[in-house]
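Observations on chain architecture
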Amino acid sequence: MYKTRLGEFELEDNEIITFPNGIPGFESLKKFAVISLEETKPIFWLVSLEDETIALPIIDPWLIKEDYEIELSEDELKILSVEDPSDIVIWSVVTIPFGKPQEATVNLRAPIIINLKSGLGMQIILENYDLKYPIISPNTNNDELK
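Residues numbered from 1 in each chain as written. Predicted model: local features only at pLDDT ≥ 70, side-chain atom pairs only at ≥ 80, totals over all residues. Heavy atoms only, no water.

1. Notes on the environment of Leu46
- By secondary structure assignment, the location of Leu46 is in strand 5 (residues 44-48).
- Classification of Leu46 by relative accessible area gives buried; the value is 0%.
- When the C-alpha atoms of Leu46 and Val34 are compared, they prove to be 4.6 Å apart, with twelve residues separating the residues in sequence. (Helix = DSSP H or I, 4+ residues; strand = E, 2+ residues; numbered from the N terminus. Buried < 20%, exposed > 50% of the residue type's maximum accessible area, 1.4 Å probe, protein only.)

Right, here's the structure in full:
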């Protein structure tokens, strides 16, 4: 049983993701899990299994930017033990300013890459994307979102 910021969860070994280098800002934390809560979909949660106060909201970046592209280097593929690219899932961290959910942004510059087969993860840096890409375009008619 793992205590997390979102509650207690019973996890199988294959649900635990190991980040050999940690995540920038949380380098000392290596063990995480992705948690899905019905009430926050399509946002999921990357929760630390070593520090119950750490839970990062994450989202499929293609839900925000359909033409998002990512290419992993040979070294990154090796670190993640990738044999089949279909084993990889990619997430982006969401930032939701307190009391201003309409100003939420997604970090397209530093995606989190997880190999579901090996249980290994890492965060990489892409120079050609924004750190704070708006989830809701300022040009969007907010009435359409209701």
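2. Things to note about the nonpolar core
- Ranked by size, the top nonpolar core spans 28 residues in total, and within it Ile35, Trp45, Val47, Leu80 and Ile113 carry the most contacts.
- Of all the elements in the fold, those that place two or more residues in this core are strand 4 (31-35), strand 5, strand 6 (55-59), strand 7 (88-95), strand 8 (105-115) and strand 9 (120-123).
- Excluding residues within four positions of it along the chain, Val47 makes contact with Thr4, Leu6, Lys31, Phe32, Ala33, Ile35, Ile54 and Ala55.
- One finds Leu29, Phe32, Ile58 and Ile114 within the second-largest nonpolar core, a separate group that totals 13 residues. (Core = buried A, V, L, I, M, F, W, Y, C linked by side-chain atoms within 4.5 Å. Contact = heavy atoms within 4.5 Å.)

3. Considerations on the packing of aromatic side chains
- Within this structure, the stated rule accounts for four aromatic pairs.
- The interplanar angle of 75° and the centroid separation of 5.4 Å between the aromatic rings of Trp62 and Tyr68 together place this pair among those described as edge-to-face.
- Residue classification places Trp62 among the partly exposed positions, given a relative accessible area of 32%.
- With a centroid separation of 4.7 Å and an interplanar angle of 55°, the aromatic rings of Tyr68 and Tyr129 are classed as tilted. (Phe/Tyr/Trp six-rings, centres within 6.5 Å; stacked < 30°, edge-to-face > 60°.)

4. Describing the pairing of strand 7
- With six of eight residues buried, strand 7 is to be regarded as a mostly interior element.
- Sheet topology places strand 6 next to strand 7; two bridges connect them, and they run antiparallel. Paired with Ile58 across the bridge in strand 7 is Val93.
- Alignment of strand 7 against strand 8, held across seven bridges, turns out to be antiparallel. (Pairing = 2+ DSSP bridges.)

5. Some points on unusual backbone geometry
- In this chain, Lys41 is followed by Pro42 through a cis amide linkage whose omega measures 15°.
- The topology assignment puts Pro42 in the loop between strand 4 and strand 5.
- Backbone geometry places Ser81, a non-glycine residue, at a positive phi of 55°.
- Positionally, Ser81 belongs in the loop between helix 1 (74-79) and strand 7.
- By relative accessible area, which is 39% here, Ser81 ends up partly exposed.

Purely geometric numbers; function is a separate question.
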